[in-house]
Amino acid sequence: MEGEGTLAAVPGSLQNLYGMDRGRLAALLGPFTTRSFHADQVYHWMHGRHETEFRKMTELPAALRDELARSFRVTLPSVKEVRKSADGSRKYLLALEDGAEIEAVHIVYGSRITFCLSSQVGCPLDCSFCLTGTMGLLRNLTPGEIAGQAAVLARDTGTDPKTTRVVFMGMGEPLNNYDPVMEAFRILTDPKGFGMTPRRITLSTAGLVPGIERLARENPRPRLAVSLAAADDTVRGRLMPINKKYNLKSLLDACRRFPLGPRERLTFEYVLLDRVNDSREDALKIGQLLRGIKSKVNVIPWNDTGIGGFATPPRERASRFRDALLDQGVPATIRWSKGTDIGAACGQLARAVPGKPAGA
């Protein structure tokens, strides 16, 4: 059901262990072995070595491997399609066990690799410039479906997750599926899991204030990125309906209270829309709004999604907007998205919903 972050068991199938935390895994394996460390070994084989066949988990006794293979399974999302961009990025269409489909992206920035992961099938927030929002929310993803995207991308490309970055910026609002996202985060950062450092993982939100406040209490936690998209409530409310519930003041107050490390900054993402929010006056307002917050701004020129009413600003205007931020002492960069030629860029991820074509 929507909002629960759970997936009903596939009729007639064995229980899938992938994505389970250590405690639940130990409880399930208890009837099969008296050695508690066997659960830790299975956890490491699944999440650290991305192994899906029990019989290849050679640290386990052969008889136990056979028992587990008869009683359980380890299943990742399946790859339906891979589209390759001229810039080296790849967009993956992944099928889930109930037939739902999501997209994840392997992004290439020179020698740096980033996995962009989805947290929901669709998105409930309906931001007017984002294609994913046209789907609505079908359901939340489970921890295994979220971490499983990273495992699929790592296996397919031969990438060591420890050397990559992960961004929860794909389909969905991560803070709207809080517990499964954080369980996946713990698998990604567990030394016996993917072994990533928390600073390499970023969670992006459209501005769910209670989620930001809850995330502030986590230790460890991912880095936080917040989508602004406008410098005042009138424009932001039109572009991002969530602003009607959590306006800029409440959002930025939560950001000011968010704890940061000595070298850490909050990232504010600003989708730049031609003649909508890209004036010098807009940039000056953003500088005022962010005063007193250790932050940086990623200026993201809008990626064409086929949604009418918007256009990408010229490069010169994007540069002037960034420079106006820099002139106020606000660290800012222009992030020209990767994978635009394959529909893999920011705001372009979406799957067709029965009876409602994506983008309709």
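Each remark here, short or long, concerns the structure printed above.
In this text the structure is predicted, and so the values were computed from the model without any measurement.

Visitor: Would you mind going over the packing of aromatic side chains with me for this structure?
Guide: The relative placement of two aromatic rings is captured by the distance of their centres and the angle of their planes. All chains considered together, the criterion is met by three aromatic pairs. Between the aromatic rings of Phe32 and Phe72, the centroid separation amounts to 5.4 Å while the plane-to-plane angle is 70°, which identifies the pairing as edge-to-face. Here Phe32 is found in the loop between helix H1 (22–29) and helix H2 (37–48), whereas its partner Phe72 is found in strand E2 (residues 72–73), with 40 residues between them in sequence. Among the residues examined, Phe32 registers a relative accessible area of 28% and is labelled partly exposed.

Visitor: Would you explain the pattern of salt bridges in this entry?
Guide: Side chains carrying opposite charge are able to pair once their charged atoms draw close together. Evaluation of the coordinates by the stated rule reveals 23 salt bridges. Note that Arg139 and Asp98 form a salt bridge whose closest N and O atoms lie 2.7 Å from each other. Of this pair, Arg139 sits in strand E8 (residues 137–140) while Asp98 sits in the loop between strand E4 (90–95) and strand E5 (101–109); the two residues are 41 residues apart in sequence, bridging distant segments of the chain. Judged by relative accessible area, Asp98 falls into the partly exposed class, the value being 42%. Across the salt bridge formed by Arg214 and Asp179, the nearest N and O atoms sit 2.6 Å from each other. One end of the pair, Arg214, is in helix H6 (residues 209–215); the other, Asp179, is in helix H5 (residues 178–189), with 35 residues separating them in the sequence.

Scoring rules and cut-offs
Residues numbered from 1 in each chain as written. Predicted model: local features only at pLDDT ≥ 70, side-chain atom pairs only at ≥ 80, totals over all residues. Heavy atoms only, no water. Phe/Tyr/Trp six-rings, centres within 6.5 Å; stacked < 30°, edge-to-face > 60°. Helix = DSSP H or I, 4+ residues; strand = E, 2+ residues; numbered from the N terminus. Buried < 20%, exposed > 50% of the residue type's maximum accessible area, 1.4 Å probe, protein only. Salt bridge = Lys/Arg side-chain N within 4 Å of Asp/Glu carboxyl O.

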